[in-house]
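Given next are the chains, with one letter for each unit.
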Amino acid sequence: MNMQYYSLNNPSIRADFKAATLAGQAPDGGLYFPETIPVWEKTFIDNLAILSKAEIGMRILQPFVGDSMSEATLLEAMEETLAFDFPLKKINENMFILELFHGPTLAFKDLGARFLSRCMGAFANDIGQKINILVATSGDTGGAVADAFHGVAGTEVFILYPSGKVSPVQEKQLTTYGDNIHAFEVEGDFDDCQRMVKQAFQDQELMKKAMLTSSNSINIARWLSQQVYYALALAQWKEDAAPVISVPSGNFGNLCAGLTAWQSGLPVKHFIAACNANNSFTAYIRSGIFQPKPSIATLSNAMDVGLPSNFIRILELFQQEHRNMTKIISSESISDKETVDTLQDVFHAYHYLLDPHSAVAYKALANHLQQHQAQKGILLGTAHPIKFPDVVKKAIGNTPETPLSVQNLWEREKKSIILPPDFQLFKKNLENFLKIS
Ligand SMILES: *Cc1c(COP(=O)(O)O)cnc(C)c1O
């Protein structure tokens, strides 16, 4: 069986896993969506606790990947993708946190980026051609991509970031890998970086000479691989009834993965889309009317998204039926003040330090459990608190200890090419690297 993916703009545009992953999005600009959602065998669900992480990953991804990778290649990709811990920790009697921040860049995006990099590496080998990945980043995504692709044979990564507008830790994560990771420091803002990447994809001359692709969060390899940690949560779940799961949400790739796993049979009682002041999804769940808004800056800034890119995929999962969606999903919008208060309260009451994104999810879950006292829940911890020292300091008066991996960053040498926000100059530099000019 070989799963086909169709464009959400036009169902007659189709691709298999390899083509859809390599392209990122459909030629008409649409997001790819699988033609069916696989149903998991009951024995698989019953045996989650005794299967290895890689085996769980394998079983979940295999139907989506189909013939695009051999079983051995997929298993190896899964072993490398999941090479860190995903512990489920108890915060209090009714609330647990799935810590998704033990990967190299201390945030949950590591998993999706690592799986994507292994797919690209395998496909580069198949087609006998180097794959060049262009990324514009405002900080975090670039770091996860740099780490994930570093040393993956057959791939070259070109990262554009706005000079002076990323944090010192983020800049180190973008500029110190070397080898197949190249950093362009653009004297402009994030929008300039994004515009230069878009222009490259529209440049016929460039596109003809080299295999250029993106690694952004709408790529199916990133979305679909995120299902795996939902199963890893259930593998560690020892309570009687199925959990409520609260997901800190921005572009909704994370929640969309959880819903996909649930449609395949993962036992989940209810999902909470936990949002900050960027609440277009919360308003949609409550009213049935979707009205994207310009994004608002908040303390949980990785969730500052006005028009969530995966909203259209969530609609497709529920056949555009708002009624079906609200049976399983509710949503809350949490203010910055509530975020800081929650971080502080949870630290003092339970000696657990949340990051601002996880604090949003905690608060939304706590509100839900107050209304449903027999239920228990899991919140997804999407980042390590050390990544947001200012907010943590504001809430508890001091900053957490720096993990070793971040300490080592300071000793690494920064290497970047400084550029004005000019596409032709960027193109020249890129061609130099590609040696195709
Ligand atoms: C990206 C990110 C989110 C939002 O995830 P989506 O899949 O875009 O909804 C939440 N928390 C952190 C720390 C993130 O980096």
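Shown above is the structure to which this text applies.
Model, not experiment: these values are computed from the prediction. (Residues numbered from 1 in each chain as written. Predicted model: local features only at pLDDT ≥ 70, side-chain atom pairs only at ≥ 80, totals over all residues. Heavy atoms only, no water.)

1. Digging into the sheet that holds strand 9 (residues 211-214)
- The 5 strands are arranged 9-6-7-8-14 in an open sheet whose pairing can be described as parallel. Two strands lie at the open edges of the sheet, namely strand 9 and strand 14 (417-419), each paired on one side alone. Averaged over all neighbouring strand pairs, the angle between strand axes comes to 25°, with direction disregarded.
- In terms of strand pairing, strand 8 (residues 181-186) meets strand 14 through 3 bridges, oriented parallel. (Pairing = 2+ DSSP bridges. Helix = DSSP H or I, 4+ residues; strand = E, 2+ residues; numbered from the N terminus. Axes fitted to C-alpha atoms, helices over the stretch in contact; angles between N-to-C directions.)

2. Section: the pairing of strand 1 (residues 4-7)
- In this structure, strand 1 lies alongside strand 2 (residues 10-16), joined through 4 bridges in antiparallel fashion. Its bridge partner being in strand 2, Ser 7 is matched across the sheet by Asn 10.
- Between strand 1 and strand 2, which follow one another and run antiparallel, lie 2 residues.
- Summarising the sheet, strand 1 and strand 3 (residues 32-34) pair through 3 bridges and their orientation is antiparallel. Each bridged residue has a counterpart across the sheet, and for Tyr 5 the counterpart in strand 3 is Pro 34.

3. A look at the environment of Lys 363
- Tracing the chain through its elements places Lys 363 in helix 17 (residues 356-371).
- Lys 363 sits 22 residues away from Asp 341 along the chain, and the two C-alpha atoms are 9.5 Å apart.
- Not counting chain neighbours up to four residues away, the residues in contact with Lys 363 comprise Ile 334, Glu 338 and Thr 342. (Contact = heavy atoms within 4.5 Å.)

4. Topic: unusual backbone geometry
- Phi is positive for Leu 106, close to 60°, though the residue is something other than glycine.
- Structurally, the position occupied by Leu 106 is in the loop between strand 5 (95-99) and helix 5 (109-127).
- Its identity is not glycine, yet Phe 252 carries a phi of approximately 70°, on the positive side.
- Accessibility expressed as a relative area gives 4% for Phe 252, which makes it buried. (Buried < 20%, exposed > 50% of the residue type's maximum accessible area, 1.4 Å probe, protein only.)

5. A look at the packing of helix 11 (residues 227-235) against helix 12 (residues 253-264)
- Relative orientation of the contacting elements helix 11 and helix 12 amounts to 60°, with a least axis distance of 8 Å. Of the possible angle classes, the one that applies to helix 11 and helix 12 is oblique. Between helix 11 and helix 12 lies a crossing of right-handed hand. For the pair formed by helix 11 and helix 12, the contact residues are Gln 227, Tyr 229 and Tyr 230 on the first element and Asn 254, Leu 255, Ala 257, Gly 258, Thr 260 and Ala 261 on the second. (Parallel < 35°, antiparallel > 145°, perpendicular 65-115°, else oblique. Left-handed = near helix turned anticlockwise from the far one by under 90°.)

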